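Here's the letter readout for the chains.
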Number of protein chains: 2
Amino acid sequence: MSKAIDKAYARIRSGIVSGELAPGQHLKEEELAELCDVSRTPVRDALRQLEADYFVERRDNQRVFVASWTEDDIDDIFELRAMLEGFAAGRAAEHITQGQLIQLRHHHEAIVKGVGANGLIDSDVFLENNRAFHRLIWDAARSARLAAMLQRLVEQPVVMRTLVTYGAKDLARSISQHDEILDALSHGDRAWANAAMTSHILHAQRVYHSAAAEQVAAQ
Amino acid sequence: MSKAIDKAYARIRSGIVSGELAPGQHLKEEELAELCDVSRTPVRDALRQLEADYFVERRDNQRVFVASWTEDDIDDIFELRAMLEGFAAGRAAEHITQGQLIQLRHHHEAIVKGVGANGLIDSDVFLENNRAFHRLIWDAARSARLAAMLQRLVEQPVVMRTLVTYGAKDLARSISQHDEILDALSHGDRAWANAAMTSHILHAQRVYHSAAAEQVAAQ
DNA sequence: TGGTTAAATATTGTATACTTTTTTTGCGCA
DNA sequence: TGCGCAAAAAAAGTATACAATATTTAACCA
């Protein structure tokens, strides 16, 4: 793809995810152009894409601001994800191929094997295989629109900032849930796959809240 | 909003909906600029937005094409709508205000009163009030993300091209369903509202298919 | 004749200058 | 002092020229 637009998109996006560009902050095209070392034209293009991805908001008179969110947004996203991923898993149960099932098992086993004696796992190994596992199911659901919705939802800055590392017990449960989802998909059982996936996401929501509560307590 | 971008967006979009710009057709920025009587810059901005709205697709090397779709896409969209609108109605049951209920009843009654002695209704009256009815429920669901998803889904060109005018029997059922949804919302009954709305959308899907079958038969 | 490459052409990407719109600043008057 | 209006400044919108890239065409060689 085009150089300058990608450069601008990546730079601004990472600035938002890292917090360098604070929520609510007004983004001026010229400032961003300087920051990204490109002209205003690719910055404008990048801002349009960031707007579609909900990283920035266009308010009043075409002024662009970093999207801001509340705790409610996090619950909102989890709720929507639970429904959409459940739905995707259900559809996947009816459409998944043998090849996709093999790939899914591969990612699942990579996570299982990554668990150490202490019951924990390297964060990168988990994140990468977990991500691949879920995306394969989106693909298997055979709805480009559904996949696009989930993609946008999962890549929300508020989600990317709240990556939580699982404790031993929660990790074990998550693995067990993946195993169950695999089982449901193998049997082509739509309702089971849907329920197992929904449960999986809602569990993740609980883990997030526990972690958030601990952080507050530690302060 | 800005003049030229809106002009370009509206012109290109209506061209796609009307079929003047055929599915799969390669859209060249200069041609569009001439068509819309603006320069390439606002055309580019408009194309970014149309891309986010799935009206056009960016392929291989940044070339933009009118999105093409199949019969499967229509079913896909109906299925997603059934789920999302059902979910929205369920959430709305828990959040809707008295004021919103009053507005909903207003739109509902406008449709009821619009039905003539032959059991039919003026298409514009129905479309406008039906649209307002559904959007009010999206708002009442209190999730900007969910509303945005539904908005994009409903405004798909393939949906806008397949507006079906209801026959007397289907119109009567649709009105009855709206009445039921209102009842469920008034009672704050999440499960009921969800089920009633899901049913309403799936009925619309059947109506669409019947109409499509008739058109084929008439050829 | 068929395929490969290079030149020409078409199309998109980028920068910049200029225009329009919006916001801010500051001055005058009540 | 506080309000309102006007002028100035800032920011976004638009057009255009030029650069880079991709696609097509044509020619040459095997």
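In this report, the structure presented in the accompanying data block is examined. (Residues numbered from 1 in each chain as written. Chains lettered and ligands numbered in written order. Predicted model: local features only at pLDDT ≥ 70, side-chain atom pairs only at ≥ 80, totals over all residues. Heavy atoms only, no water.)

## Side note on the packing of helix H6 (residues 123–140) of chain A against helix H9 (residues 168–186) of chain A
Residues and elements named next belong to chain A.
Part 1 of the argument: Packing of H6 against H9 leaves a shortest axis separation of 13 Å and a crossing angle of 25 degrees. One finds that H6 runs roughly parallel with respect to H9. Crossing of H6 against H9: the hand is left-handed. Along its contact with H6, which presents Phe126, Asn130, Phe133, His134 and Ile137, the element H9 presents Leu171, Ser174, His178, Ile181, Leu182 and Leu185. (Axes fitted to C-alpha atoms, helices over the stretch in contact; angles between N-to-C directions. Helix = DSSP H or I, 4+ residues; strand = E, 2+ residues; numbered from the N terminus. Parallel < 35°, antiparallel > 145°, perpendicular 65-115°, else oblique. Left-handed = near helix turned anticlockwise from the far one by under 90°. Contact = heavy atoms within 4.5 Å.)

## Overview of the sheet that holds strand S3 (residues 63–66) of chain A
Residue and element names in this part refer to chain A.
Part 1 of the argument: Read across the open sheet, the 3 strands follow the order S1-S3-S2; overall the sheet is antiparallel. Either end of the sheet is taken by a strand with one partner, and the two such strands are strand S1 (26–27) and strand S2 (56–59).
Part 2 of the argument: Judged from the 4 bridges that link them, S2 and S3 form a sheet pairing that is antiparallel. Bridging across to S3, arginine 58 finds its partner in valine 64. (Pairing = 2+ DSSP bridges.)

## A short note on unusual backbone geometry
Residues and elements named next belong to chain A.
Part 1 of the argument: Positive phi values are uncommon outside glycine, yet tyrosine 54 reaches one of about 65 degrees.
Part 2 of the argument: Its place among the elements puts tyrosine 54 in the loop between helix H3 (40–52) and S2.
Part 3 of the argument: With phi around 60 degrees, arginine 142 is a residue other than glycine that occupies positive phi space.
Part 4 of the argument: Along the chain, the position of arginine 142 falls in the loop between H6 and helix H7 (144–154).

## A few points about the relation of the copies chain A and chain B
Part 1 of the argument: By a simple turn and slide, chain A fits onto chain B: the slide is 0.1 Å along the axis, the RMSD is 0.2 Å, and the turn is 180 degrees. Put plainly, the chains are arranged around a two-fold axis.
Part 2 of the argument: Of the residues that chain A buries at the interface, 100% are likewise interface residues in chain B, meaning the two copies contact each other through the same surface. (Least-squares fit on C-alpha atoms with pLDDT ≥ 70 in both.)

## Section: the packing of aromatic side chains
All names here are of chain B.
Part 1 of the argument: The final tally for this structure, using the stated rule, is 4 aromatic pairs over all chains.
Part 2 of the argument: Where phenylalanine 78 meets tyrosine 208, the ring centres are 6.0 Å apart and the plane angle is 40 degrees; that geometry is what we call tilted. Here the residue phenylalanine 78 occupies a position in helix H4 (residues 71–95), and tyrosine 208 occupies one in helix H10 (residues 190–218), the gap between them amounting to 130 residues.
Part 3 of the argument: Classification of phenylalanine 78 by relative accessible area gives buried; the value is 13%. (Phe/Tyr/Trp six-rings, centres within 6.5 Å; stacked < 30°, edge-to-face > 60°. Buried < 20%, exposed > 50% of the residue type's maximum accessible area, 1.4 Å probe, protein only.)

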